[in-house]
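Descriptive analysis of the structure
Here is how the chains run, residue by residue.
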Amino acid sequence: MTRIFHNGETIRIKTAVAPSPQEKFAAEELCAYLERMTSTAVEQCDESYEGPVIAIGGVCGEYGVPVPEGDDAFTLKTVGESLCITGGKRGVIYGMYELLERLGCRFFTATCEKVPFVEELTIGDLDETQRPDFIYREHAYYEHRQYSRFALKSRLNGANHPIKDEWGGHIRYSWFVHSFQNIISPEEYGESHPEYFAMDENGERVLTRDKNQLCLSNPEILPIAIEAVRRNLLEHPEAEIISISQNDWRLDCQCPECRRINEADGASSGTLIRFVNAIAEALEREFPHVTFDTLAYQYTRSAPTVRPRHNVAVRLCSIECCFAHPFEDCCRDSNTTFVRDLRDWHKTGAQLYIWDYVTCFNYYPTPHPNWRSLQPNMRLFRENGVKGIFEQGCCAQRGSTDLNELRAYVLTKLMWNADADVDKLVEEFTDYYYGAAGKYIREYINLVCDTAVKEGDHTGFNDKPLHKYLEKEHLTQYDGLFIKAIDAVSEDTIRRYRVEKARLSIRYMRFYRDFFENGEADRRELHDLFDEWESFGLGRMEEDADRTTTRKALLRGKPIGINLYWHWTFEGPEIL
């Protein structure tokens, strides 16, 4: 055992005389947390100090501990009475947080951390190097987008997590997704060159904004696209990945040449991969550090016979799937074909990324029975060579009510290690975040999942809340557990607040069950539901419309706000 601290002794953290910004931050952050844990001053020193220390970064070379390969990798190793933490530009920081977690700290949310007071700190002999299961890790839950320091503690590194370079930085995307509109738009070319755009099954070129695609077999669009992508990369030299991907509309070009190529390549993704390959090849020499990313989405989801180039990445999307069951275990055709497509893309040798869905987008507060699917799906991705994960969860800027804090915590841990102990993660989180109510929250999660299985429900990413597991008799059972949970923390103001916020999902569901049964909203309940929702500081109830729009739709007999618009993108991102 290596003793780090005992009853007032001085802890020393050692770095090089001129540490990197990331090493400097890791040392300062570790110092702050150890002082918080021990209520004792922690000192920093350089190479000249020869006693027991926690050594961070390049100085670990003095102890025979090399830096592991990879930006995110780290090594923890005890050497005599000292402990070494070293790693890549993010890894050295991740290693520091790993040590803190081993000493009892937990980083549950941006505003809920467990930092115990200790009289003594000891750690067993260590010689461990960690690398993440996925090199790109990202999700859309609001705290990790708004609080970059929390995203760092959670070991996220994707485009939605703007972590500054001094903290190791993040992987930067340009255009991110659905970028055909940015490359060649109907506003610029529709009138003069309608042949640049996809043909529908009636032989018409579709030029409607947000509802068009490109005719990828037309050789005239390639040089235009190459120049558009080049121009964007010159404007964004920090970008490591650029998206060259179809617009968010289902329109597979039906022109004779596109059909011929796709039939020869065995899938509608054939023309897409050829198009992206050509751009990636043309720009590789000028931008050798850039990966050219595209989607395997809806009509392009199946893999073609043509192989993506080494500098092309494919993001496979699970949008059609049932999420109540692990992808491999579900009998639905949407899931069996997704698993087939995943394996087929893996066989092409593609740099494979995943765009997965972990909430109900049109009805955010819906109790989502996907808890037992998260880990099996993550393991499936790892087994099929997936390099990166984007989990599209609830994007509401102020959060929502379906235990999103817990789901985000579990997902961040699984993106680092798909074999993490999920039961332990859930127990630790719920016991601390919800206190004495934690056991009832776990019972609620299990009851929701058990009921969905018992009722034979399959849940998609956008379903109306009409599944059997959401029938009123089951909602009464769920609410009974929340009543017990509230009673358990009746004297604990903070944790009661958290439980009552989570309970809003049940009130929301009762309202919507009545709405769908009666065809109209109960005016008093509509008022009171929205009043309580706003009292918790919550914003959107659905992905693409503000709560005022949702209310407006309900008063007009429509369940969600986007029913009032011709396209779901009409309102744009939520603005606080």
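Now for a description of the structure that goes with this document. The structure presented is a predicted model; accordingly, all values stated were derived computationally and were not measured. (Residues numbered from 1 in each chain as written. Predicted model: local features only at pLDDT ≥ 70, side-chain atom pairs only at ≥ 80, totals over all residues. Heavy atoms only, no water.)

1. Things to note about the overall build of the protein
On a plain count of helices and strands, the protein comes out with 18 helices and 17 strands. Against the 2.2 N^0.38 benchmark of 25 Å for 576 residues, the protein shows a C-alpha radius of gyration of 26 Å, consistent with a compact globule. Its C-alpha atoms give the protein principal-axis dimensions of roughly 80 × 65 × 40 Å. Burial statistics for the protein: of 576 residues in total, 59% are counted as buried. For the protein, long-range pairs separated by at least 24 residues make up 70% of all intrachain contacts whose partners lie at least 6 apart in sequence. Summed over its atoms, the accessible surface of the protein is roughly 23600 Å², and 46% of this surface lies on carbon and sulfur atoms. (Helix = DSSP H or I, 4+ residues; strand = E, 2+ residues; numbered from the N terminus. Rg over C-alpha atoms; globule rule 2.2 N^0.38 Å. Buried < 20%, exposed > 50% of the residue type's maximum accessible area, 1.4 Å probe, protein only. Contact = heavy atoms within 4.5 Å. Areas by Shrake-Rupley, 256 points an atom, 1.4 Å probe, with all protein chains shown as cover.)

2. Looking at the sheet that holds strand β14 (residues 291-296)
The parallel open sheet is built from 7 strands, whose spatial order is β11-β17-β16-β15-β14-β13-β12. Here the strands that pair on one side only, and so sit at the sheet edges, are β11 (136-139) and β12 (173-174). In terms of strand pairing, strand β15 (residues 312-317) meets strand β16 (residues 351-357) through 5 bridges, oriented parallel. Opposite V314, over in β16, you have L352 as the bridge partner. (Pairing = 2+ DSSP bridges.)

3. Thoughts on unusual backbone geometry
Despite not being glycine, H178 shows a phi value in the positive range, around 50°. With respect to the secondary-structure elements, H178 resides in the loop between β12 and α5 (180-183). Given a relative accessible area of 21%, H178 falls into the partly exposed group. Here L403, not a glycine, exhibits a phi torsion of approximately 50°, which is positive.

4. A word on helix α9 (residues 270-283)
With 14 residues, α9 should reach 20 Å at 1.5 Å per residue; the first-to-last C-alpha distance of 20 Å fits that figure. Most of α9 is tucked away, with 10 of its 14 residues classed as buried. When we look at burial in α9, the residues that qualify are G270, T271, L272, I273, F275, V276, N277, I279, A280 and L283. Taken together, the buried residues of α9 touch α5, α7 (221-235), α8 (256-265), β14, β15 and α10 (333-347). (Expected span 1.5 Å × (residues − 1).)

5. Some details on the sheet that holds strand β10 (residues 127-130)
Strand order in the open sheet formed by 6 strands is β3-β2-β4-β6-β5-β10, and the pairing between neighbours is mixed. What marks the edges here is a single partner per strand, and that holds for β3 (42-45) and β10. The average undirected angle you get between the axes of adjacent strands in this sheet is 20°. (Axes fitted to C-alpha atoms, helices over the stretch in contact; angles between N-to-C directions.)

6. Points about the pattern of salt bridges
Under the definition given, this model contains 47 salt bridges. A salt bridge links E286 to R230, with the shortest nitrogen-to-oxygen separation between them at 2.9 Å. Of this pair, E286 sits in the loop between α9 and β14 while R230 sits in helix α7, and the two are 56 residues apart along the sequence. Taking the relative accessible area as the measure of exposure, E286 reaches 37% and is therefore partly exposed. With a shortest N-O distance of 3.0 Å, E534 and R547 are connected by a salt bridge. (Salt bridge = Lys/Arg side-chain N within 4 Å of Asp/Glu carboxyl O.)

7. Notes on the packing of aromatic side chains
Within the structure shown, the criterion is met by 37 aromatic pairs. Ring centres 4.6 Å apart and planes at 85° place the aromatic pair W355 and F390 in the edge-to-face group. Of this pair, W355 sits in strand β16 while F390 is found in strand β17 (residues 386-392), placing the two residues 35 residues apart along the sequence. The two residues W355 and F390 agree in class, both being buried. A ring pair is formed by Y433 and Y434, whose centres lie 4.9 Å apart and whose planes are at 90°; its orientation type is edge-to-face. Judged by relative accessible area, Y433 falls into the buried class, the value being 8%. (Phe/Tyr/Trp six-rings, centres within 6.5 Å; stacked < 30°, edge-to-face > 60°.)

Interpretation in functional terms is not warranted from these geometric data alone.
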